[in-house]
Amino acid sequence: MALMRYAEALNAALREEMAADPSVFLFGEDIGRYGGVFKVTKGLMEEFGESRVRDTPISEQAMTAMAVTAAMTGTRPVLEIMYADFIPLSLDALVNQASIYNYIWDGKVKMPFVLRTQGGGGSGAGAQHSKALDSMLAHIPGIKVVAPSTPADAKGMLKAAIRDDQPVVFLEHKLLYNVRGEVPDGDIIVPLGKAATLREGKDVSLFATSKMVVEAVKAADLLQADGISAEVIDLRSLRPLDVNAIVTSISKTHHAVVVNEGWRFCGYAAELSATIMDFAFDELDAPVARVTLPDMPIPYSEPLEIAMLPNADKIRAAALATLK
Amino acid sequence: MKNTPSVEEHLEIYRKMLMVRHLEEGLGALHKEGRTRGPIHRCDGQEAVGIAATAVLEAGDKVTTTHRGHAVYIGKGMELRPVIAEIFGRETGACAGRAGHMLVADVEKGVIGGNAIVGAGIPAATGMALSMQVMGQPNVAMCVFGDGAAQTGICHEAMNMAALWKLPVVFVLEHNQFGLTVPSDVQSSVKDISIRAAGYGMPSEIVDGNDAVAVYRAVGAMAERARRGEGPGMIECKTYRLEGFSTSDMGGYQTKEEIAAWKARDPLKISRDALTADVDEAKLVEVEAKAKADVDEAFATALSDPMPQFAIDEACNPYSEAH
Ligand SMILES: Cc1ncc(C[n+]2csc(CCOP(=O)(O)OP(=O)(O)O)c2C)c(N)n1
Ligand SMILES: [Mg+2]
């Protein structure tokens, strides 16, 4: 075990996978000489050279399309898109290219690429640099979407994503990069598609993603003071979703709060609610409560931004309401 | 050296061009009988581009093409039957009827593949070239793209990166004068699109796209240069689409005079005339009869091939445990 920051855990995963497999290479804006605007790729260009760690022009559309075909022809590219807000530029490559070939070419191609990006609010980056566009990505059949919330998962899931033979969008969060946590030593792999139970409880289940997992854990502490036992489930794999973990938890607590930092309408939290309706309706004692961003742009000024973001207090309030 | 095709190579190019012409005409006839499904984009009059450009490629090289890719599919070595069966949605199609005529691929043959998002084939080929460079492979990627595709934003991004990194990619511009119904001079700021190559620091050449030998020479030299690690280049092939944009084109924007002028310079005629210097008439007639017979037979077989059955395919489901 070693105490590591989330960004360092990602860096370790990249370094280990690049050392183990010469077909793994990285490209993205500012990732080489500078080491990435969030320092995730620090030192990797020095170690692996300019062919395998490439600083790119600002060309998200073509880079994403190139990751798709480079992956089809013998390499394992890891592309960094600096902000999730830029994902709309990558969408043709994901929606019309990556998602179709596995099926329309009858299983004859592999597409082992990882698109790393980071989203989320709370840093004063404004309306074009703060969004979580999880549902836009998880909507696309054929793409896996994962979002680790701890340094250990950041490392283990990135290694799993790089070894996966299908496209994986890997969602990080700008406010998680400095979070510290224990990371097991060695070649740890956290399989994609499995949720993690971070806290056991019996009264209400809190299902959360990415940084909202941290808020859900804080909410569980607050609820404990209210005399309520909350279970916290980290939905670190947005797609494929671990439906069993959701159903198992609700069968125990009979109350569900779903938390996601994206917009509400057609959002990832809406998908979670519908999934619960499909698979655990009979277990519910109250309607599912959704905690999300309101459907509006993210403002800049601190009190405006803080007021709109989902947080532990809002999760606590939603849990109390569903238990009434 | 691949600079000039041998007589045998030219004859082979001629044979493939003929097959593609018969393929396109056969599709036109079946469309009239109501026996095709969805729009079909024929390349009559443009065969020299797709066939002669891919003739310079080697087995491990890759090619991407457009929604109008029949000549590229056949040029890069695909058989007629899986191509025709795919066009008719058959189980025996190259992609089991899932792709349709615009998105055909044969990964083993390096056709990766047709692409019907205009412009998307350009970064697709560039990405394959990136992969070749990272792995140190001696191969090249080729992108056959249209004059309409040349106007997309992604074209700029991809060509800049290709030239910046000296990627082994050859951009073959199939300038057939139209993007759908809109003439090139109404959508392009320049007449000769390849002058833009200079803006990326890449060499370019304009050739008569109806002259298979000219296409072969220019593309061959550019591919060799790319293979030597000297970076990408662009060949602009001036040609003309003799038929409609697709089988659903209602026409009205191509003049009779224009069509007649280009028909007089049909690529099949240009190649045949050139070949008569070295090949007996009897041999040419034999090759011509064989091409026609092969296409007829492939149509007959493909059209009687079985239709696929729909089922959720776990083997192609990236979320299944198998992956
Ligand atoms: C991104 C995108 N925009 C528009 C279309 C519709 N469309 C299909 S082909 C075409 C014209 C393409 O022109 P060009 O690249 O010159 O190819 P050509 O049809 O002449 O072979 C258009 C506009 C499309 N398929 N994709
Ligand atoms: Mg055109």
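- As recorded by an unreviewed UniProt entry, chain B carries the name Thiamine pyrophosphate-dependent dehydrogenase E1 component subunit alpha and is attributed to Neorhizobium lilium.
- Here chain B is described in UniProt, under the heading Catalytic activity (unreviewed entry), as follows: "N(6)-[(R)-lipoyl]-L-lysyl-[protein] + pyruvate + H(+) = N(6)-[(R)-S(8)-acetyldihydrolipoyl]-L-lysyl-[protein] + CO2".
- Turning to chain B, the UniProt record has this under Cofactor (unreviewed entry): "thiamine diphosphate".

- As recorded in an unreviewed UniProt entry, chain A goes by Alpha-ketoacid dehydrogenase subunit beta and comes from Neorhizobium lilium.
- Per UniProt, the comment on chain A under Cofactor (unreviewed entry) is "thiamine diphosphate".

**Re the coordination of the magnesium ion (ligand 2)**
Residue and element names in this part refer to chain B.
Okay, so step 1: At this site the magnesium ion (ligand 2) is bound by D147 (OD), N176 (OD1) and F178 (O), with donor distances of 2.0 to 2.1 Å.
Okay, so step 2: Positions of the donor residues of the magnesium ion (ligand 2) along the chain correspond to the pattern D-x28-N-x1-F. Here D147 is found in the loop between β4 (141–146) and α6 (153–164), whereas its partner F178 is found in strand β6 (residues 178–179), with 31 residues between them in sequence. Just as D147 is buried, F178 falls in that class too.

**Some remarks on the pairing of strand β5 (residues 169–175) of chain B**
Residue and element names in this part refer to chain B.
Okay, so step 1: Of all 7 residues in β5, 7 are buried; the element is thus mostly enclosed.
Okay, so step 2: Judged by which residues are buried, β5 turns out to be covered on both faces: V169, F171, L173 and H175 on one side and V170, V172 and E174 on the other are all buried.
Okay, so step 3: Looking at chain direction, β4 and β5 are connected through 6 bridges and run parallel. Pairing of C143 across the sheet is with F171, part of β5.
Okay, so step 4: What joins β4 to β5 is α6, and the crossover it makes is right-handed.

**Remarks on the interface of chain B and chain A**
Okay, so step 1: Opposite the 40 residues of chain B that make contact, chain A presents 45 residues.
Okay, so step 2: The interface formed by chain B and chain A holds 1 salt bridge in total.
Okay, so step 3: Put simply, D106 of chain A and R98 of chain B hold a salt bridge, and the shortest N to O gap is 3.5 Å.
Okay, so step 4: At the junction of chain B with chain A, the criterion picks out 18 residue pairs in polar contact (both at pLDDT 80 or more).
Okay, so step 5: Sorting the residues of the side of chain B that touches chain A by element identifies α5 (121–135) and α6 of chain B as the ones contributing at least two each.
Okay, so step 6: In terms of residues, the side of chain B that touches chain A owes the most to one element, α5 of chain B, which gives 10 residues.
Okay, so step 7: Its residues assigned to classes, the side of chain B that touches chain A comprises 27 nonpolar, 9 polar and 4 charged.

**Brief notes about the site of ligand 1**
All names here are of chain B.
Okay, so step 1: Around ligand 1, 14 residues are found, and the nearest of them are H67, R68, A116, G148 and F178.
Okay, so step 2: Backbone polar atom of A116 to a nitrogen atom of ligand 1: 2.9 Å apart, as the coordinates give it.
Okay, so step 3: Protein contact buries 70% of the 580 Å² of open area that ligand 1 shows by itself.
Okay, so step 4: When its residues are assigned to classes, the shell around ligand 1 shows 7 nonpolar, 5 polar and 2 charged.

**Brief notes about α5 of chain B**
Residues and elements named next belong to chain B.
Okay, so step 1: For α5, spanning 15 residues, the distance from its first C-alpha to its last is 21 Å, which sits close to the expected 21 Å at 1.5 Å a residue.
Okay, so step 2: Of all 15 residues in α5, 13 are buried; the element is thus mostly enclosed.
Okay, so step 3: Once α5 ends, the next one or two residues include G136, with phi positive near 65°.

**Some words on the UniProt feature "domain: Dehydrogenase E1 component" (unreviewed entry) in chain B**
Okay, so step 1: Following the UniProt record, the feature "domain: Dehydrogenase E1 component" (unreviewed entry) maps to residues 15–309 of chain B here.
Okay, so step 2: A distance of 35 Å separates the end C-alpha atoms of residues 15–309 of chain B, which is 44% helix and 12% strand.

**Let's talk about the packing of helix α3 (residues 60–72) of chain A against helix α4 (residues 87–104) of chain A**
All names here are of chain A.
Okay, so step 1: Following both chains from N to C, one finds α3 and α4 inclined at 20°, their axes separated by 7 Å at the closest point. For the element pair α3 / α4, the angle class is roughly parallel. Both α3 and α4 take part in a crossing whose hand is right-handed. Contacts from E60, Q61, T64, A65, V68 and M72 in α3 reach L89, S90, A93, L94, Q97, A98 and Y101 in α4.

**Some details on the nonpolar core**
Okay, so step 1: Among the nonpolar cores identified, the biggest contains 148 residues, and W105 of chain A together with F145 and F171 of chain B are the most heavily contacted of them.
Okay, so step 2: The leading source of residues in this core is helix α1 (residues 7–32) of chain B, at 10 residues.
Okay, so step 3: Look past the residues within four positions of F145 of chain B in its chain and what remains in contact with it is T66, I122, A150, M159, F171, V172, L173, E174 and M234 of chain B.
Okay, so step 4: With 33 residues, the next largest nonpolar core counts V24, L26, M45 and I188 of chain A among its residues.

**Details of the UniProt feature "domain: Transketolase-like pyrimidine-binding" (unreviewed entry) in chain A**
Okay, so step 1: What UniProt calls "domain: Transketolase-like pyrimidine-binding" (unreviewed entry) maps, in this numbering, to residues 4–179 of chain A.
Okay, so step 2: Structurally, residues 4–179 of chain A comprises 39% helix and 18% strand, and the distance from its first C-alpha atom to its last is 8 Å.

Rules and cut-offs
Residues numbered from 1 in each chain as written. Chains lettered and ligands numbered in written order. Predicted model: local features only at pLDDT ≥ 70, side-chain atom pairs only at ≥ 80, totals over all residues. Heavy atoms only, no water. UniProt positions renumbered as here; feature names shortened; annotations may be inferred. Donors = N, O, S within 2.8 Å, 3.2 Å for Na, K, Ca; no water. Helix = DSSP H or I, 4+ residues; strand = E, 2+ residues; numbered from the N terminus. Buried < 20%, exposed > 50% of the residue type's maximum accessible area, 1.4 Å probe, protein only. Pairing = 2+ DSSP bridges. Right-handed = clockwise from strand over helix to strand, strands pointing away. Contact = heavy atoms within 4.5 Å. Salt bridge = Lys/Arg side-chain N within 4 Å of Asp/Glu carboxyl O. Polar contact = N/O pair within 3.5 Å; in protein donor to acceptor, adjacent residues only side chain to side chain. Nonpolar A, V, L, I, M, F, W, Y, C, P; charged D, E, K, R; others polar. Near = heavy atom within 4 Å. Areas by Shrake-Rupley, 256 points an atom, 1.4 Å probe, with all protein chains shown as cover. Expected span 1.5 Å × (residues − 1). Axes fitted to C-alpha atoms, helices over the stretch in contact; angles between N-to-C directions. Parallel < 35°, antiparallel > 145°, perpendicular 65-115°, else oblique. Left-handed = near helix turned anticlockwise from the far one by under 90°. Core = buried A, V, L, I, M, F, W, Y, C linked by side-chain atoms within 4.5 Å.

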